[in-house]
Amino acid sequence: MNTYSPDTVVPGAGARVQEASEIVASNLNKTYGAGPFAKTVIKDCSFTIESNKLTVMIGPSGCGKSTLIQLIAGFESADSGQLTMNGEPIVGPGKDRLVLFQESALFPWMTTYDNIMYGPRARGEGLKEAAEQAEFLLAKVGLEAFRDKYPTQLSGGMQRRAELARAMINKPEVMILDEPFRGLDNMSKELMWEYYATLYEEDRNTNFFVTTDIDEAIFLADRLLIMTNLPTSTRTVIDIDIPRPRKIEDLVHNPRANEIKKEVMTLLHEEAMKSFSGGSKAAADFLDAYSKRAG
Amino acid sequence: MHDTVLNTDAATSQGPEVTTMGLTMYRLSTWLKSPRPYLMFIGFAIVLGFWYLAVEVWKLPRFEDMPGLTEVFGEWFNKDPIYGLSVYTPEYYTHIGISLRRIAYAFLLATGLGVPLGLFLGWSKTFREFIFPLFEVLRPIPILAWVPLAIIIFAGSESPVVFLTFLASFFATTLNTMLGVESIDESYSRAASCLGASRWQVFRHVVIPGAMPYIFTGLQISIGVAWFSLVAGEMVSGQFGLGYLINTSYMMVEYPKIIIGMITLGIVGFASSAMVRVLGDYLMQWRVRELALGD
């Protein structure tokens, strides 16, 4: 299972292309609570996170995407169905699948450098090489001058970059990002998209990115998984065939991007409507009228 | 050389490098420039002035038996005290020393037992279900209610006092430590286990530092209630100590000594709280800096 080898850690070796690591989910089910309080969050959900691709999952908010991440990360297990990585069932958390959480999970009591070094130090693996790699990554994410600062002394964007570095030093086979740029202002958000896309284009590892932001999804994705409303399953998969490196302007000017955006919006709108009408007819009517006016 | 220049540039662009010493000096100078010390001085002057006027000038009816300001301070700093106790008599320091020793034993014992117990209560759900209800029933029993039992169980005059002092501190420390563990965001421990930390490492690297702010809030409360229960204990049992001093002075009708004992308690109580606070700030520099920046 553990394919980590300290010998392979060479500064600047981030560009190596990794061996195929693919995650396959088939017919997953997950229900929380029991009896009259039972709530099915994931129902008959199947998808593939293809190796060496950036797969983005988008769905209405509160649709169970975070639950899927808990399953893939191994923090929780599904009630039924199969979840495998490279053919092996996922049974618990592991450093081959690293998660970047919605909120910053940098340890506030450690400096940027200690945060980045946490993984190798905790495992006691290849510390000398890790230290070199940490320097390389600090430079790469532009935080050399902030190595001895604590997370609360960094801006939101810096914290996200530090967290990317903390994950990358472990050379995970799969990076899992759960709405990582949520809460950043629009300017920092777009900078982080470009930044993150560049990092991805350099080594093309398997990345799984969850979001509710359509622009973010189209800008980043190789493959886009569109999820249904609760209980979650896969609605459609769209291949985003806009050439890389992409530019922010592409979102406005590229006809293919606009085409995809319309398609995604229609699908997501349908799903969002379901969640509204599930609760209140009036709210659904309002949303319908509103979207006609806006459209 | 080049590195240092870079770092300094970065540091100055961020404002001056924050060191603990520099921060303290900076705070001291802003404090002196602010109206706060003068307001504090006025606060003291009002209370002491009222005391002086009420007892010695206006001779208000209920104040006639109370020792006056000049009498108390005259006695306190008298080289040849009328009632045999002043800053020049060794007996004064014996009382302080013995009280301090009891506080030290009780506080260290309460911290040494309370912090680990609180950490485990917060960490293990099974352990909490087993211990916490018992703890919650014992905790509201006032320390004074323990006095007879303490005297029956513990031989001599010293150990009952230390036990009573310990008890109050112990509950405060344990409860706050437990709340501290519960307050830690789950994403920190998930991030740590994702990065390869064992359960024990998560405990050491996440649970302990994460609970630290609450632990020190608990220790602040703990040292306060320690003085409270110490005096209660010393009034009932014991041969020396500030509580004993106050109580015997009352019995012997040596009223100025009551006030000397009270003011002394105020000063040593304040000093011991300040020491706990300084230790906390030292151990949690990540937090001090965070607050300093937010200032």
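Residues numbered from 1 in each chain as written. Chains lettered and ligands numbered in written order. Predicted model: local features only at pLDDT ≥ 70, side-chain atom pairs only at ≥ 80, totals over all residues. Heavy atoms only, no water.

### With respect to the environment of Val161 of chain B
Residue and element names in this part refer to chain B.
Here's step 1: Along the chain, Val161 turns up in helix 8 (residues 158–183).
Here's step 2: Residue class for Val161 comes out buried when judged on its relative accessible area of 1%.
Here's step 3: Spatially, the C-alpha atom of Val161 lies 9.8 Å from that of Ser99, the residues being 62 residues apart in sequence.
Here's step 4: When residues no more than four places from it in sequence are discounted, the contact partners of Val161 are Arg102, Leu230, Gly233, Glu234 and Ser237. (Helix = DSSP H or I, 4+ residues; strand = E, 2+ residues; numbered from the N terminus. Buried < 20%, exposed > 50% of the residue type's maximum accessible area, 1.4 Å probe, protein only. Contact = heavy atoms within 4.5 Å.)

### Some details on the sheet that holds strand 1 (residues 23–32) of chain A
All names here are of chain A.
Here's step 1: Here four strands make up an open sheet; going across it, the order is 2-1-4-5 and the pairing antiparallel. Edge positions in the sheet fall to strand 2 (39–49) and strand 5 (88–89), since each of these pairs with one other strand and no more.
Here's step 2: As judged from the seven bridges shared by strand 1 and strand 2, these two strands associate in the antiparallel manner. Opposite Ile23, over in strand 2, you have Ile49 as the bridge partner.
Here's step 3: Running at roughly 60° to strand 2, helix 1 (residues 65–73) makes contact with strand 1, strand 2 and strand 4 (80–85) of the sheet. (Pairing = 2+ DSSP bridges. Axes fitted to C-alpha atoms, helices over the stretch in contact; angles between N-to-C directions.)

### Thoughts on the interface of chain B and chain A
Here's step 1: Listed as interface residues are 23 residues of chain B and, on the opposing side, 30 residues of chain A.
Here's step 2: Buried area between chain B and chain A, summed over both chains or domains, comes out near 2400 Å², and the portion from carbon and sulfur atoms is 66%.
Here's step 3: Here chain B and chain A share one salt bridge between them.
Here's step 4: Arg190 of chain B is paired through a salt bridge with Glu76 of chain A; the nearest N and O atoms lie 4.0 Å apart.
Here's step 5: Taken together, the links from chain B to chain A amount to five residue pairs in polar contact (both at pLDDT 80 or more).
Here's step 6: Mapped by element, the contributors of at least two residues to the side of chain B that touches chain A are helix 1 (2–13), helix 9 (186–194), helix 10 (199–236) and helix 13 (285–294) of chain B.
Here's step 7: The class makeup of the residues in the side of chain B that touches chain A is 11 nonpolar, eight polar and four charged. (Buried area = accessible area lost by both parts, 1.4 Å probe. Salt bridge = Lys/Arg side-chain N within 4 Å of Asp/Glu carboxyl O. Polar contact = N/O pair within 3.5 Å; in protein donor to acceptor, adjacent residues only side chain to side chain. Nonpolar A, V, L, I, M, F, W, Y, C, P; charged D, E, K, R; others polar.)

### Some words on the nonpolar core
A general feature of soluble globular proteins is that nonpolar side chains tend to end up buried together.
Here's step 1: Core analysis: the largest hydrophobic core is formed by 134 residues, its most contacted members being Phe47, Leu68, Phe208, Leu220 and Leu224 of chain A.
Here's step 2: In terms of residue count, helix 10 of chain B provides more of this core than any other element does, 14 residues in total.
Here's step 3: Discounting residues that sit within four places of it in the chain, Leu220 of chain A has contacts with Leu54, Val56, Trp193, Tyr196, Ala197, Phe209, Arg244 and Arg246 of chain A. (Core = buried A, V, L, I, M, F, W, Y, C linked by side-chain atoms within 4.5 Å.)

### Focus: the confidence of the model for chain B
Residues and elements named next belong to chain B.
Here's step 1: The predicted model of chain B averages 86 in pLDDT, with 91% of residues at 70 or higher.
Here's step 2: The weakest mean pLDDT in chain B belongs to helix 1 at 38; the strongest belongs to helix 5 (residues 90–123) at 94.
Here's step 3: Note that pLDDT drops below 50 for residues 1–15; the model gives that stretch eight contacts with residues more than four away or on any other chain. (pLDDT = per-residue confidence, 0-100.)

### Some details on the confidence of the model for chain A
Interpretation of this model should avoid reading the predicted coordinates in detail wherever pLDDT is low.
All names here are of chain A.
Here's step 1: For chain A, per-residue confidence averages 78 on the pLDDT scale, and 86% of positions sit at 70 or higher.
Here's step 2: Mean pLDDT values for the elements of chain A range from 62 in helix 10 (residues 281–294) up to 90 in helix 2 (residues 112–116).
Here's step 3: For the stretch residues 1–18, pLDDT sits under 50, and the model shows 38 contacts to residues farther than four places along the chain or on other chains.

### What about the packing of helix 4 (residues 69–76) of chain B against helix 12 (residues 255–283) of chain B?
Two quantities define a packed helix pair, namely the angle between the helix axes and the distance between the axes.
Residues and elements named next belong to chain B.
Here's step 1: Closest axis-to-axis distance for the helix 4/helix 12 pair is 9 Å, and the angle between their directions is 75°. One element, helix 4, and the other, helix 12, form an angle in the roughly perpendicular class. In this structure, helix 4 uses Glu71, Val72, Phe73, Glu75 and Trp76 to contact helix 12, whose residues at the interface are Pro256, Ile259, Ile260, Ile263, Thr264 and Ile267.
Here's step 2: Looking at the contact of helix 4 with helix 12, its residues break down into eight nonpolar, one polar and two charged. (Parallel < 35°, antiparallel > 145°, perpendicular 65-115°, else oblique.)

### Comments concerning the pattern of salt bridges
Here's step 1: Using the criterion set out here, one finds 23 salt bridges over all chains in the structure.
Here's step 2: The closest approach of N and O atoms between Lys53 of chain A and Glu50 of chain A, which form a salt bridge, is 3.1 Å.
Here's step 3: You can call Glu50 of chain A partly exposed: its relative accessible area is 24%.
Here's step 4: Between Arg139 of chain B and Glu136 of chain B there is a salt bridge, with its nearest N and O atoms 2.8 Å apart.
Here's step 5: Accessibility expressed as a relative area gives 33% for Arg139 of chain B, which makes it partly exposed.
Here's step 6: Overlapping salt bridges, with partners in common, bring together Lys30 and Glu76 of chain A together with Glu186 and Arg190 of chain B in one network.

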